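A closer look at the structure
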Amino acid sequence: QVQLVESGGGLVQAGGSLRLSCAASGRTFSTYGMGWFRQAPGKEREFVSGITWTFGGTYYADSVKGRFTISRDNAKNTVYLQMNTLKPEDTAVYYCAVLRTAGSRRSEDVELWGQGTLITVSS
C-alpha cells in the first residue's frame with residue numbers, strides 16, 4: 001500500500017526551527033515531484049515548497065522563501081522541510097504530497113497526501 005508518513009511537527013517559539021520528514025513507501029516516485037502544503041485554521045490549503053524528484057530542483061512560496069529549505073534523500077525515499085526563523089503565521093497543519101506534475105504548486109496536481117502534522121508557533 002502506498003503511503004506517506006510524516007513526522008517532526010510540534011510546538012516552537014517564534015524564531016525557532018523545526019524539521020519535517022516525509023517517508024514514502026510502497027512505490028518509487030522518480031518521475032514525480034514532492035511538495036509540502038499547509039492549512040491554517042479557517043484558511044484554504046496553500047502551497048509551501050516543492051522539489052523535483054529526479055533533478056532536485058526546488059521552489060518555494062514567497063512567504064517562506066529564505067526561511068524554509070526542502071531537500072530529499074532518494075535512497076530513503078524521503079523528503080524533508082527545514083523550517084527556520086518560524087513566525088506565528090506559519091502555524092498550520094503541514095501536509096506532504098506527491099505531485100503528479102513536477103514543478104506544480106497546485107493542490108489539483110497532488111496524487112497522494114500525507115496525514116498532516118501540526119506546527120504551532122507561539123509568539
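Residues numbered from 1 in each chain as written. Predicted model: local features only at pLDDT ≥ 70, side-chain atom pairs only at ≥ 80, totals over all residues. Heavy atoms only, no water.

**Here's the deal with the overall build of the protein**
For the protein, the count of helices and strands is zero helices and 11 strands. Of the regular secondary structure in the protein, the N- to C-terminal order runs β-β-β-β-β-β-β-β-β-β-β. A compact globule built from 123 residues should have a C-alpha radius of gyration of about 14 Å, and the protein, at 13 Å, falls within 12% of that. The C-alpha extent of the protein, read off along each of the three principal axes, is 40 × 25 × 25 Å. Across the 123 residues of the protein, 45% fall into the buried class. Contacts spanning at least 24 positions in sequence make up 57% of the contacts within the protein whose residues lie at least 6 apart. For the protein, the distance from the average position of its 13 positive side-chain charges to the average position of its 10 negative side-chain charges is 4 Å. (Helix = DSSP H or I, 4+ residues; strand = E, 2+ residues; numbered from the N terminus. Rg over C-alpha atoms; globule rule 2.2 N^0.38 Å. Buried < 20%, exposed > 50% of the residue type's maximum accessible area, 1.4 Å probe, protein only. Contact = heavy atoms within 4.5 Å. Lys, Arg positive; Asp, Glu negative; His and termini not counted. Charge placed at Lys NZ, Arg CZ, Asp CG, Glu CD.)

**Some remarks on the sheet that holds strand β7 (residues 68–73)**
Read from one edge to the other, the open sheet built from four strands follows the order β1-β3-β8-β7, with strand pairing classed as antiparallel. On the outer flanks of this sheet lie β1 (3–7) and β7, each paired with one strand and no other. Taking the axes of each pair of neighbouring strands and ignoring which way they run, one obtains an average angle of 15° across the sheet. The sheet contact formed by β1 and strand β3 (residues 18–25) spans five bridges and is antiparallel. Bridge pairing in β3 links Gln3 to Ser25. (Pairing = 2+ DSSP bridges. Axes fitted to C-alpha atoms, helices over the stretch in contact; angles between N-to-C directions.)

**Side note on the environment of Glu108**
Structurally, Glu108 can be placed in the loop between β9 (92–99) and β10 (110–113). For the pair Glu108 and Arg72, spaced 36 residues apart in sequence, the C-alpha separation works out to 22 Å.

**Remarks on the packing of aromatic side chains**
Scanning the model with the defined rule gives four aromatic pairs in all. Summarising the aromatic geometry, the rings of Phe37 and Trp113 are spaced 5.2 Å apart at their centres and angled 70° between planes, so their arrangement reads as edge-to-face. Taken together, the positions of Phe37 in strand β4 (residues 33–39) and Trp113 in strand β10 put the pair 76 residues apart, joining distant regions of the chain. For Phe37, a relative accessible area of 1% corresponds to the buried category. A centroid spacing of 6.1 Å and a plane angle of 80° characterise the contact between Tyr95 and Trp113, whose relative ring orientation is edge-to-face. Residue Tyr95 is located in strand β9, and its partner Trp113 is located in strand β10; the two are separated by 18 residues in the primary sequence. (Phe/Tyr/Trp six-rings, centres within 6.5 Å; stacked < 30°, edge-to-face > 60°.)

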